[in-house]
Amino acid sequence: LTSCFRKHLVNGGLRVVTVVPEMEMSCCSHSVSYDKTLTLSQIEDDYYCVNGTPVDCVCLGIEIAKSVGPLNFVISGINDSQNIGREIFTSGTVAAAREGCFLNFRSMAVSVDRVSSAGSMSVEEVTNVAYKLCKNIMDKAHVLDWPDGYFLNINIPRKAINSVEFNSVSDRSFLLRKSMVRQIDERNYIGNIKVFGTDTSVGEPYDDIACLDTNKISVSMISAGQKCYISEKNSQFIESIKHNGLE
């Protein structure tokens, strides 16, 4: 998917510096390889793989891109599975776009639904849809209400597309997980976490999960920063603690 998407971008006249992990890095979230020597291997001009995480890829890719000219956008993906609902917190693809946002670049994470049945678009078809959408966004970014500190999370269905919608991120977990633990002796346990299905319940009508369910492209604008909840009641509580001798 990534190579085919890159081909569309390059054929569209864009200079694209691509850095990909050398191995599968699903569910690695915002992991960074601190204090580890990373090796970039060149696949072709402006195309590299690295023994690191998706966030490492963005950090290194930005440095390479800046050395050859101005950098306008960061695109993470294409991921071969949807990143919607609470799964955005474990996604390396979404984290890489968030990192690009942290580094003050307009960034997008792009994911496609897995092939599930007959009638699904081919890799060539779905990457061409992703290219056309991203190219439109890049060409018209100046007219978008796109505040600093926000990035786009884009999810594309694999079947005939009905529409494109700006929407919210669902507060549901799309994947259903089960944790299992078994004691092997008096001090130790073994365990695993398995995905056993997907959430088919009805959620909000305009969130990202509902969007894909109705074969619409989902575009969500997500804050990269930590939003904190502050209330007068909680502030008073902290004041009461301070007066109990913690200062």
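The residue numbering used here restarts from 1 in each chain and proceeds along that chain's sequence as written. Two thresholds apply to this predicted model, a pLDDT of at least 70 for residue-level local features and 80 or more for giving and counting side-chain atom pairs, whereas whole-chain, interface and lining totals are computed over all residues. To obtain the side-chain values, all non-hydrogen atoms of the structure were included, while hydrogens and water were left out.

**Some details on the nonpolar core**
Inside soluble globular proteins, nonpolar side chains tend to come together where they are buried. Put simply, the rule is: In this text, buried Ala, Val, Leu, Ile, Met, Phe, Trp, Tyr and Cys residues form a nonpolar core when linked through side-chain atoms within 4.5 Å. Here's how the labels work: a residue is buried when its accessible area is under 20% of the maximum for its type, exposed when over 50%, partly exposed in between, all with a 1.4 Å probe on protein chains only. Only DSSP runs of H or I reaching four residues or more are called helices, and only runs of E reaching two or more are called strands; each is numbered from the N terminus. Whether two residues touch is decided by their heavy atoms; if any such pair falls within 4.5 Å, the residues are in contact.
Residues Met-108, Ile-154 and Ile-156 are the most contacted members of the largest nonpolar core, which totals 23 residues. Those elements that place two or more of their residues in this core are α1 (2–11), β4 (73–79), β5 (106–112), α4 (123–139), β6 (150–156) and β10 (216–223). Ignoring any residue separated from it by four or fewer positions in sequence, one finds Met-108 in contact with Phe-73, Val-74, Ile-75, Ser-76, Ala-97, Cys-134, Ile-137, Met-138, Trp-146, Leu-152 and Ile-154. Counting residues in hydrophobic clusters, the runner-up holds eight residues, among them Val-94, Cys-101, Ala-109 and Ala-224.

**Here's the deal with helix α3 (residues 92–102)**
The following threshold applies: Each polar contact in these results corresponds to two N or O atoms within 3.5 Å; when the atoms are within protein, one needs to be able to donate a hydrogen and the other to accept it, and residues that are neighboring in sequence are counted only if both atoms are side-chain atoms.
The buried count for α3 comes to 10 of 11 residues, which makes it a mostly enclosed element. When α3 is considered as a whole, its buried residues turn out to be Gly-92, Thr-93, Val-94, Ala-95, Ala-96, Ala-97, Arg-98, Glu-99, Gly-100 and Cys-101. On its buried face, α3 sits against α2 (54–68), β4, β5 and β6. A distance of 3.2 Å separates the backbone nitrogen of Thr-93 from a side-chain oxygen at the start of α3, and that oxygen is part of Ser-91. Looking at the residues trailing α3, positive phi occurs at Asn-104, about 70 degrees.

**Topic: the sheet that holds β10**
Strand pairing within a sheet occurs via backbone hydrogen bonds; the two strands may be parallel or antiparallel. What counts here: Two strands qualify as a pair provided that DSSP identifies no fewer than 2 bridges between them. Angles run from 0 to 180 degrees between N-to-C directions of axes, and those axes are lines fitted to C-alpha atoms, restricted for helices to the stretch in contact.
The strand order across the open sheet formed by five strands is β4-β5-β6-β10-β7, and the pairing between neighbours is mixed. Among the strands making up the open sheet, the edge pair consists of β4 and β7 (163–166). Along the sheet, successive strands turn relative to each other by an average axial angle of 15 degrees, direction set aside. When β5 meets β6, the two strands line up parallel, connected through five bridges. Residue pairing in the sheet places Ala-109 in a bridge with Asn-153 of β6. Its contacts with the sheet place α3 against β4, β5 and β6, and it is angled at close to 170 degrees to β5.

**Some thoughts on the packing of α2 against α3**
Worth spelling out the cut-off: Left-handed is the label given to a crossing in which the near helix is rotated counterclockwise from the far helix by less than a right angle, and right-handed is the label when the rotation is clockwise.
It is at 8 Å that the axes of α2 and α3 come closest, and there the two elements cross at 30 degrees. Between α2 and α3 lies a crossing whose hand is right-handed. For the pair formed by α2 and α3, the contact residues are Pro-54, Val-55, Val-58 and Cys-59 on the first element and Gly-92, Ala-95, Ala-96, Glu-99 and Gly-100 on the second.

**Details of α4**
Operational definition: What a helix is expected to span follows from its residue count: subtract one and scale by 1.5 Å.
Helix length check: α4 (17 residues) gives 24 Å between terminal C-alpha atoms against 24 Å at 1.5 Å per residue, within 8%. Among the residues of α4, Val-126, Thr-127, Ala-130, Tyr-131, Leu-133, Cys-134, Lys-135, Ile-137 and Met-138 are the ones counted as buried. At its buried positions, α4 is contacted by α1, β4, β5, β6, β7 and β10.

**Focus: unusual backbone geometry**
In this structure, Ile-78 follows Gly-77 across a cis peptide bond, with omega equal to 10 degrees. Counting through the fold element by element, Ile-78 comes out in strand β4. Look at Cys-27: it is not a glycine, yet its phi comes out positive at around 60 degrees. The class for Cys-27 is exposed, based on a relative accessible area of 61%.

**Section: the pairing of β4**
Formally: By convention a crossover is right-handed if, when the strands point away from the viewer, the path from the first strand over the helix to the second runs clockwise.
Note: β4 against β5, five bridges, orientation parallel. Bridge pairing links Asn-79 to Ser-111 in β5. At this point the chain moves from β4, through α3, to the parallel β5, and the crossover so formed is right-handed.

**Details of the pattern of salt bridges**
We count it as follows: Put simply, a salt bridge is a Lys or Arg side-chain nitrogen that is within 4 Å of an Asp or Glu carboxyl oxygen.
Enumeration according to the criterion identifies seven salt bridges in this entry. In this structure, the salt-bridge partner of Lys-66 is Glu-63, at a minimum N-O distance of 3.3 Å. Taken as a pair, Lys-66 and Glu-63 lie in helix α2 at a separation of three residues, close to a single helical turn. For Glu-63, a relative accessible area of 49% translates into the label partly exposed. Of the charged contacts in the structure, one is a salt bridge between Arg-158 and Asp-80, with a shortest N-O distance of 3.7 Å. With a gap of 78 residues between them, Arg-158 in the loop between β6 and β7 and Asp-80 in the loop between β4 and α3 connect regions that are remote in the sequence. By relative accessible area, Asp-80 is classed as partly exposed at 37%.

**Observations regarding the sheet that holds strand β2 (residues 40–44)**
Spatially, the three strands line up as an open sheet ordered β1-β3-β2, and their pairing is mixed. Each edge of the sheet is formed by a strand with only one pairing partner; in this case those strands are β1 (18–21) and β2. Taken pair by pair, the neighbouring strands of this sheet meet at an average axis angle of 30 degrees, ignoring direction. Alignment of β2 against strand β3 (residues 47–50), held across four bridges, turns out to be antiparallel. Residue pairing in the sheet places Glu-44 in a bridge with Tyr-47 of β3. On top of the sheet, α2 reaches β1, β2 and β3; it is set at about 160 degrees to β1, its chief contact.

Spatial relationships are all this shows, so hold off on functional conclusions.
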